[in-house]
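Residues per chain, in single letters:
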Amino acid sequence: MNPVVIIPARLAATRLPGKPLAEIGGVPMIVRVLKAAEAARAGPVAVAAGDAEIVAAVQAAGGRAVLTDPALPSGSDRILAALEALDPEGAHDVVVNLQGDMPFVEPAVLKACVDLLAREPSCDIATVVAPEDSEADRLSPDVVKAVLALAPGAAHGRALYFTRSVLYGEGPVWRHIGIYGYRRAALRRFNAAAPSPLETREKLEQLRALELGMQIWAAVIDKPPISVDTPADLERAREFARRNQA
């Protein structure tokens, strides 16, 4: 395989406008994500930016960025547009979609997606899950749960469904982490399809892939990366940087 990591980012976030450029320890968040992705050595890294200001910040830090149409409806549309611009010849057969709001993501998380695609030939899309933190995770519609065909003690399994609902019965609850590794053909097929009924109902894009009959596999990681969606999340990330001198 020949993977590439692409980070979609735009300024017009609903809950935290301008968050890619929000500084954490004096460094724009998008630059922190870029450097974390580069440290993973999973492949070359680029930012798919919806705004010129993001391109400028990435390039000032020595990174690579592509300016994409700000009207693109989703991160997957943005990474496909950047991929086709960066690699029109199709040399990269795998693309990792790393969210631009995970400033301290561990290299092992990105490697888990790439390794899963290499290990499972039937896998169209790889992603990651982590154990729930508390009962609050189990009950919250903001925490997406992954339902997996996972043998006891296994480190990865096939995803059967994703939901915001509370799961019935005893057993582990896996918290889905929004990082994806796509085979290039799978990304093209996914983006060419219209939003599906279950996707629209649950407001979860990955359900479109399942309704198309595509296979999603998930690797289990120890804990979720810090994700910044709100002003409170941003303050927690800044405090983490202060405590860890990061």
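All values derive from a computational prediction rather than experimental measurement.

In this section: the overall build of the protein. The helix and strand inventory of the protein stands at nine helices and eleven strands. Since a compact globule built from 246 residues should have a radius of gyration of about 18 Å, the 17 Å found for the protein is in line with a globular shape. If you line up the protein on its principal axes, its C-alpha atoms span 50 × 45 × 30 Å. Here the protein holds 246 residues, and the buried ones make up 49% of them. Within the protein, residue pairs in contact and separated by at least 24 positions form 69% of the contacts whose partners lie at least 6 positions apart. Taking the average place of the 27 positive charges on the side chains of the protein and the average place of its 30 negative ones, the gap between the two points comes to 1 Å.

A few words on the packing of helix α3 (residues 75-86) against helix α6 (residues 184-192). It is at 10 Å that the axes of α3 and α6 come closest, and there the two elements cross at 130°. Taken together, the axes of α3 and α6 are oblique relative to one another. For α3 against α6, the interelement crossing comes out left-handed. For the pair α3 and α6, the contacting residues are Ser-76, Asp-77, Ile-79, Leu-80, Leu-83 and Glu-84 in the first and Arg-184, Leu-187, Arg-188, Phe-190 and Asn-191 in the second. Looking at side-chain class alone, the contact of α3 with α6 contains five nonpolar, two polar and four charged residues.

The next point concerns the pairing of strand β11 (residues 216-220). In terms of burial, β11 is largely enclosed, as four of its five residues are buried. Both strand β7 (residues 125-131) and β11 contribute to a ladder of five bridges, which runs parallel. Along β11, the bridge assignment pairs Val-128 with Ala-219. Across three bridges, strand β9 (residues 156-163) lies against β11 in antiparallel orientation. Bridge pairing in β11 links His-156 to Ala-219.

Parameters and conventions
Residues numbered from 1 in each chain as written. Predicted model: local features only at pLDDT ≥ 70, side-chain atom pairs only at ≥ 80, totals over all residues. Heavy atoms only, no water. Helix = DSSP H or I, 4+ residues; strand = E, 2+ residues; numbered from the N terminus. Rg over C-alpha atoms; globule rule 2.2 N^0.38 Å. Buried < 20%, exposed > 50% of the residue type's maximum accessible area, 1.4 Å probe, protein only. Contact = heavy atoms within 4.5 Å. Lys, Arg positive; Asp, Glu negative; His and termini not counted. Charge placed at Lys NZ, Arg CZ, Asp CG, Glu CD. Axes fitted to C-alpha atoms, helices over the stretch in contact; angles between N-to-C directions. Parallel < 35°, antiparallel > 145°, perpendicular 65-115°, else oblique. Left-handed = near helix turned anticlockwise from the far one by under 90°. Nonpolar A, V, L, I, M, F, W, Y, C, P; charged D, E, K, R; others polar. Pairing = 2+ DSSP bridges.

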